[in-house]
Structures are given as structure tokens and as C-alpha cells.
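# Fold and contact review
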Amino acid sequence: MISVIIPTLNAAPFLARTLAPLVGAVALGLVKQAIVADGGSDDDTIAIAEAAGCEVIACARGRGGQMRTGAAAAKADWLFFLHADTSLDDAWVEEAARFIGGGDQRAAAFTLAFDDDSAGAHWVVFWACVRARLWKLPYGDQGLLISRALYDALGGYRDLPLMEDVDIVRRIGARRLSILRSRAITSAEKYRRDGYNKRAWRNLVLTARYLLGADPAKLARLYD
């Protein structure tokens, strides 16, 4: 019933952990297909994906375009876009199954968590939950579960250099987007490297500039 699409680029350190929570869903018949849309990895990403039974598709680098390419190869009635450094807690299977049984003109993201128990991690998670639940503006590291019918009606992900996640949830709209309680546990490596406050504020400023009409290509250069 669900095709999982994972965009990758040198994701070997995280990918096995990301794929592990999907195994039970495959056994239960909830996940029909796992697609790894790879943007040119030169590490063990493809070997890990193939060993896990994923369908690997080579495509141009760029997360929005990679997810769009993966969606084109998906066969299920529901699509689940999942970042390669994000894994789900055990409760996701039951909650996702219940959600997709409630109609096909809607989408959902999961609740953000980090693989870090520091005060900085808790601070970022708190404000991410506020942003997602009050303003219905989750980021891509919270995953996106969306019906094929709605995805196609919206025109899918756009091949943007940045903010492809914000772009699609704005087109979905608050009334059609739910935030599920199950956690999407994301690697905090970039936050630990850059500093939680610095990276969180940078993301907030870039998002605000995008919402005010800034060019995603210019924002991508600042992000990099």
C-alpha cells in the first residue's frame, strides 16, 4: 500500500538504520516497495540499498528532483518520502496504517526527534513541534506520507535546489496535513557540527526569506 522513496547521496553511515524500521512494515504488507533515488554516491550507499532489497534508481543530484524521480517509479497508492538519515520509531507502522485508511486527499508528517539527548537538541525539537503543529510547516526530515492521488493532483515535488519540502507542504495546505505522534529520529550530526543555535536560526532565516519570495537558488548557495 505504501511506496517508500529515499533520496540518497553518500548516505552509507545512516542508511541501514533508516531501512531497519521498514522491515516489519514489509512483512505486514503495509510497505510494498522501497525506492532509493541516488544522486551519485561514491560510498557504500548503493550496496547497502541493494542488499536490503531496495530498488535503486540513479538520478541527478538534488533532493527535490531525486524524490520526484523516485515517485515516478512508485507503484503503491501511498507515497512515503523519507530522508536517508532519518529512522522511525516502532509505533509508526500502526499509526501510518490507521492514517491511510481514513481517505486519500491528505498527507502527514511525523514528529521530529534527534539521536541526541542534549539541551540544544531538545530546544530545536520543541520549536520544530511548535512550527509543525501550529503552522503546519514540517520540514523534510519529518518525512512526508501522502496519497498518490493528492501528490499527482499537486504536481509532486518540484526540482528546487532548496526548500522543496516547504514548497510541497504549502501546496498541500494546513487542512489536508496531519502531524502524527510517531517520531522521525533524525541524525543531529550537522547540528552538533555547526552548533544547535546557529543552525536552527540559519534555517529559520532561510525559510522566512523563502516565504517572502527569495530565489531558492540563492538561498541554496547561502545554505551550502
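Residues numbered from 1 in each chain as written. Predicted model: local features only at pLDDT ≥ 70, side-chain atom pairs only at ≥ 80, totals over all residues. Heavy atoms only, no water.

## Concerning the pattern of salt bridges
Counted under the stated rule, the structure contains eleven salt bridges. Asp115 serves as the salt-bridge partner of Arg17, at 3.2 Å between the closest nitrogen and oxygen. Of this pair, Arg17 sits in helix α1 (residues 12-19) while Asp115 sits in the loop between β6 (107-114) and α6 (119-135), placing them 98 residues apart in sequence. Of the charged contacts, one joins Asp167 and Arg158 as a salt bridge, the two residues approaching to 2.8 Å between their closest N and O atoms. The exposure class assigned to Asp167 is buried, which follows from its relative accessible area of 6%. Salt bridges sharing common partners tie together Arg17, Asp115, Asp116 and Arg192. (Salt bridge = Lys/Arg side-chain N within 4 Å of Asp/Glu carboxyl O. Helix = DSSP H or I, 4+ residues; strand = E, 2+ residues; numbered from the N terminus. Buried < 20%, exposed > 50% of the residue type's maximum accessible area, 1.4 Å probe, protein only.)

## Topic: the packing of α6 against helix α10 (residues 196-211)
With their axes 9 Å apart at the nearest point, α6 and α10 run at an angle of 20° to one another. As judged from the angle between their axes, α6 and α10 are roughly parallel. The hand of the α6/α10 crossing is right-handed. Within the contact between the two elements, α6 uses Gly120, Ala121, Trp123 and Val124 and α10 uses Tyr196, Asn197, Ala200 and Trp201. Split into classes, the residues belonging to the contact of α6 with α10 amount to six nonpolar, two polar and no charged. (Axes fitted to C-alpha atoms, helices over the stretch in contact; angles between N-to-C directions. Parallel < 35°, antiparallel > 145°, perpendicular 65-115°, else oblique. Left-handed = near helix turned anticlockwise from the far one by under 90°. Contact = heavy atoms within 4.5 Å. Nonpolar A, V, L, I, M, F, W, Y, C, P; charged D, E, K, R; others polar.)

## Points about the environment of Thr186
With respect to the helices, strands and loops of the structure, Thr186 is situated in strand β8 (residues 177-186). Remark: the alpha-carbon pair of Thr186 and Ala20, spanning 166 residues in sequence, is separated by 14 Å. Beyond its immediate stretch of four places on either side in the chain, Thr186 contacts Asp85, Thr86, Leu112, Ala113, Phe114, Asp115 and Asp141. A distance of 3.1 Å separates polar atoms of two side chains, one belonging to Thr186 and the other to Thr86. (Polar contact = N/O pair within 3.5 Å; in protein donor to acceptor, adjacent residues only side chain to side chain.)

## Some details on the packing of α10 against helix α11 (residues 216-223)
One can describe the packing of α10 onto α11 by two numbers: an axis separation of 10 Å at closest approach and a directional angle of 170°. One finds that α10 runs roughly antiparallel with respect to α11. Contact residues: α10 offers Arg199, Arg202, Asn203, Leu206, Arg209 and Tyr210, while α11 offers Pro216, Leu219, Leu222 and Tyr223. Tallied by class, the residues present in the contact of α10 with α11 amount to six nonpolar, one polar and three charged.

## Here we look at a nonpolar patch on the surface
Together, Trp123, Phe126, Trp127, Trp201 and Leu204 make up an exposed nonpolar region whose accessible area comes to about 570 Å². Only α6 and α10 provide two or more residues apiece to the nonpolar patch. Top element by residues in the nonpolar patch is α6. It accounts for three residues. Position of Trp123 relative to the elements: it lies in helix α6. (Patch = residues over 30% accessible without salt bridge, like charges linked within 9 Å, V, L, I, M, F, W, Y side chains within 5 Å. Areas by Shrake-Rupley, 256 points an atom, 1.4 Å probe, with all protein chains shown as cover.)

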